[in-house]
Amino acid sequence: LQAGAYNTPGEAERMRARLAIAGFEPSIQHIAVQGRGDFYRVRVGPYDSMETMESANRALVGLNIKALRLKVSGRP
């Protein structure tokens with residue numbers, strides 16, 4: 001689940017801290033998008049099952065965070 005994408009590392013770190021306080025184990029992924037600049041994605045997961053992912057998503061909704069559901073491929 002992607003909880004947000006931010007233009008600055010500070011914004012991403014604030015969301016990471018908020019999620020950590022709520023009991024999640026978030027990570028930040030830095031990406032560069034051609035023509036758009038750098039972004040910092042804040043994610044939680046992956047989850048072993050859809051049920052576990054949906055439970056985490058409900059907890060995020062309770063924190064007023066609308067997460068993007070991601071499908072992680074097995075490719076490197």
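You'll find the structure just up there.
Residues numbered from 1 in each chain as written. Predicted model: local features only at pLDDT ≥ 70, side-chain atom pairs only at ≥ 80, totals over all residues. Heavy atoms only, no water.

1. Regarding the overall build of the chain
Then step 1. For the chain, the count of helices and strands is two helices and three strands.
Then step 2. Going from the N terminus to the C terminus, the chain shows its helices and strands as β-α-β-β-α.
Then step 3. In terms of overall dimensions, the chain is globule-like: its C-alpha atoms have a radius of gyration of 13 Å, near the 11 Å expected for 76 residues.
Then step 4. For the chain, the spread of C-alpha atoms along the principal axes amounts to about 35 × 30 × 15 Å.
Then step 5. Classification of the 76 residues of the chain by burial places 28% in the buried group.
Then step 6. Counting only contacts in the chain whose residues sit at least 6 apart along the sequence, the fraction spanning at least 24 positions is 54%. (Helix = DSSP H or I, 4+ residues; strand = E, 2+ residues; numbered from the N terminus. Rg over C-alpha atoms; globule rule 2.2 N^0.38 Å. Buried < 20%, exposed > 50% of the residue type's maximum accessible area, 1.4 Å probe, protein only. Contact = heavy atoms within 4.5 Å.)

2. Some thoughts on the environment of Asp-38
Then step 1. Counting through the fold element by element, Asp-38 comes out in strand β3 (residues 37–43).
Then step 2. The exposure class of Asp-38 is partly exposed, given its relative accessible area of 38%.
Then step 3. Taking the C-alpha atoms as reference points, Asp-38 and Ile-28, separated by 10 residues in sequence, lie 13 Å from one another.
Then step 4. In this structure the side chain of Asp-38 is engaged in a polar contact, spanning 3.5 Å, whose partner is the side chain of His-30. (Polar contact = N/O pair within 3.5 Å; in protein donor to acceptor, adjacent residues only side chain to side chain.)

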